[in-house]
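# Coordinate inspection notes
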Amino acid sequence: MKPAPFVLDTPTSVPEALDLLAEHGYDAKILAGGQSLVPMLNFRLVRPDHLIDINKLTELAYIRLEGDHLALGALTRQADVEDSALVDENAPLISMAIKNIAHRQIRNRGTVGGSLVHNDPSAEMPLTLLCLGAEVRLASVRGTRTVPVSEFILPWLATTAEADELLVEIRIPVQQSGTGIGFHELARRAGDFALAAAATTVRLAADGTVVEASLAACAARVAQKLPTAEAALVGQVPSDEVIAAAAAAAAGEVDPVADIHADADYRRHLVKVLTTRALRDAVDNAKEMK
Ligand SMILES: Cc1cc2nc3c(=O)[nH]c(=O)nc-3n(C[C@H](O)[C@H](O)[C@H](O)COP(=O)(O)OP(=O)(O)OC[C@H]3O[C@@H](n4cnc5c(N)ncnc54)[C@H](O)[C@@H]3O)c2cc1C
């Protein structure tokens, strides 16, 4: 199928894009890499009157270290993040996970902003950004606001962005020393959306106990943070038994969906297995970092 008719707007500056969004609001869609939006247009799942193509807004394509944050412009291509030494040094969980998004050809076009706003329940960007405590900056003609990713993503491909807002930047806290990372997912074929995934960071004290742990999983209608599993780790030496208890807690608190790809019990089981693997990697990695 082909898209329903629309007017194509090609702003050349952020203020121009914001004016267009203010004018057309709910009748407009932003086009970034097009890797999710174009299929939805072709299937006529969305029928915007205006398509606002932001690909000329090259000022939104950057990777910068700003104090204790890594700033990713919304239009930064996933492949550029994958290749970035700055990202690998300061937010290695992102480097590790982003390779699992589809295939390189798709990552050459797909943007970090588009991935987060599209917010597929299985997507790697919302999951890892949630795990890392990242924030987003949203701009409109009304001003700019900063929102934690935990308050930005909503179930079933929704976010708290208003219709006139443009995601301009993702801000990720720089990884602290002594922190280890782990990421595991299961997809039926390489490049497919995952059936489930787990992401974690673990920071160890000099005596080997866990000072800080962050855990998140994909299996539900939206990526979920797992506070009970985190609490099972903090203050403990991360032995196999402690990791098993945390993974069991993760499986207990996740709220898995059932669909044609997998039932809820299988996804819950996967969360336990993938969390165990991710935690083992993170603990080994944290020991290497010390
Ligand atoms: C075959 C295939 C396999 C895939 N596999 C995976 C996978 O395994 N994991 C995964 O995470 N993704 C996967 N994807 C999706 C891919 O990562 C997309 O690139 C991503 O979901 C959307 O990014 P985009 O830049 O292409 O956004 P677009 O498709 O252009 O836009 C997506 C949505 O975000 C909105 N949007 C985009 N940018 C902004 C902005 N700056 N501010 C506000 N709204 C904005 C658009 O209006 C639209 O609603 C796959 C895609 C394909 C085609």
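So, a few notes on the structure that sits alongside this text.

Cut-offs applied
Residues numbered from 1 in each chain as written. Predicted model: local features only at pLDDT ≥ 70, side-chain atom pairs only at ≥ 80, totals over all residues. Heavy atoms only, no water. Near = heavy atom within 4 Å. Polar contact = N/O pair within 3.5 Å; in protein donor to acceptor, adjacent residues only side chain to side chain. Areas by Shrake-Rupley, 256 points an atom, 1.4 Å probe, with all protein chains shown as cover. Helix = DSSP H or I, 4+ residues; strand = E, 2+ residues; numbered from the N terminus. Nonpolar A, V, L, I, M, F, W, Y, C, P; charged D, E, K, R; others polar. Pairing = 2+ DSSP bridges. Buried < 20%, exposed > 50% of the residue type's maximum accessible area, 1.4 Å probe, protein only. Contact = heavy atoms within 4.5 Å. Core = buried A, V, L, I, M, F, W, Y, C linked by side-chain atoms within 4.5 Å. Salt bridge = Lys/Arg side-chain N within 4 Å of Asp/Glu carboxyl O. Axes fitted to C-alpha atoms, helices over the stretch in contact; angles between N-to-C directions. Left-handed = near helix turned anticlockwise from the far one by under 90°. Phe/Tyr/Trp six-rings, centres within 6.5 Å; stacked < 30°, edge-to-face > 60°. Lys NZ or Arg CZ within 6 Å of the ring centre and 35° of its normal. Arc of directions from axis to C-beta.

Before going further, it helps to examine the site of the ligand. Contacts to the ligand come from 29 residues, most closely from Ile30, Gly34, Ser36, Leu37 and Thr111. Taking Leu167, its main chain carries an N or O atom lying 2.9 Å from a nitrogen atom of the ligand. For the ligand, whose unbound accessible area comes to 970 Å², protein coverage reaches 88%. Contributions of two or more residues to the shell around the ligand are made by strand 2 (28–31), helix 7 (112–118) and strand 10 (166–173). No other element matches helix 7, which puts four residues into the shell around the ligand. Residues that form the shell around the ligand fall into these classes: 14 nonpolar, 12 polar and three charged.

Glancing now at the pairing of strand 6 (residues 135–140). Side-chain direction in a regular strand flips from residue to residue, so the side chains alternate between the two faces of the sheet. Inspection of the sheet shows strand 6 paired to strand 7 (residues 143–148) by six bridges, in the antiparallel sense. What sits directly across from Ser140, in strand 7, is Gly143. In textbook terms, the turn of a hairpin is the stretch between consecutive antiparallel strands, and for strand 6 and strand 7 this stretch comprises two residues.

All right, on to the side chain of Arg171 then. Structurally, Arg171 is set in strand 10. Since its relative accessible area comes to 16%, Arg171 is described here as buried. In terms of polar contacts, Arg171 uses its side chain to reach the side chain of Glu169, at 2.9 Å. Aside from chain neighbours lying at most four places away, what touches Arg171 is Glu66, His69, Leu70, Ala71, Ala134, Glu135 and Arg137.

A word on the nonpolar core. Residues Leu116, Leu129, Val136 and Ile172 are the most contacted members of the largest nonpolar core, which totals 38 residues. For this core, the element with the highest residue contribution is helix 8 (residues 124–131), accounting for five residues. Ignoring any residue separated from it by four or fewer positions in sequence, one finds Leu129 in contact with Ile94, Leu116, Ala134, Val149, Ile170 and Ile172. Ranked by size, the runner-up nonpolar core spans 28 residues in total, among them Val210, Ile243, Ala246 and Ala249.

Before going further, it helps to examine the environment of Val174. For Val174, the location among the structural elements is in the loop between strand 10 and strand 11 (179–186). Separated by 169 residues in sequence, Val174 and Pro5 have C-alpha atoms that sit 44 Å apart. Setting aside chain neighbours within four positions, we find Val174 in contact with Leu65, Gly67, Asp68, His69, Leu70 and Asn90.

A few words on the pattern of salt bridges. One pass over the structure, following the stated rule, counts 13 salt bridges. Between Arg267 and Asp259 there is a salt bridge; the shortest N-O distance is 3.2 Å. Each of the salt bridges in this network shares a partner with another, and the network as a whole consists of Arg64, Glu66, Arg137, Glu169 and Arg171.

Two quantities define a packed helix pair, namely the angle between the axes and the distance from one axis to the other. One can describe the packing of helix 11 (residues 240–253) onto helix 12 (residues 264–289) by two numbers: an axis separation of 8 Å at closest approach and a directional angle of 140°. For the pair helix 11 and helix 12, the crossing hand works out as right-handed. Together, Asp240, Ile243, Ala246, Ala247, Ala248, Ala250, Ala251 and Gly252 of helix 11 and Arg268, Val271, Lys272, Thr275, Thr276, Leu279, Arg280 and Val283 of helix 12 make up the contact between the two elements. Split by residue class, the contact of helix 11 with helix 12 holds nine nonpolar, three polar and four charged.

Under the criterion given, the structure shown has zero aromatic pairs. Here the guanidinium or amino end of Arg64 rests over the ring plane of Tyr62, the centre of that ring lying 3.7 Å away.

Moving on, we come to helix 1 (residues 14–24). Buried within helix 1 are the following residues: Val14, Ala17, Leu18, Leu20, Leu21 and His24. Along the axis of helix 1, the buried positions cluster into a sector of 160°, meaning they face one direction only. Facing away from the buried side of helix 1 by over 90 degrees, the exposed positions are Pro15 and Glu23. Where helix 1 is buried, its residues touch strand 1 (7–9), strand 2, strand 3 (50–53), strand 6 and strand 10. Looking at the residues trailing helix 1, positive phi occurs at Gly25, about 40°.

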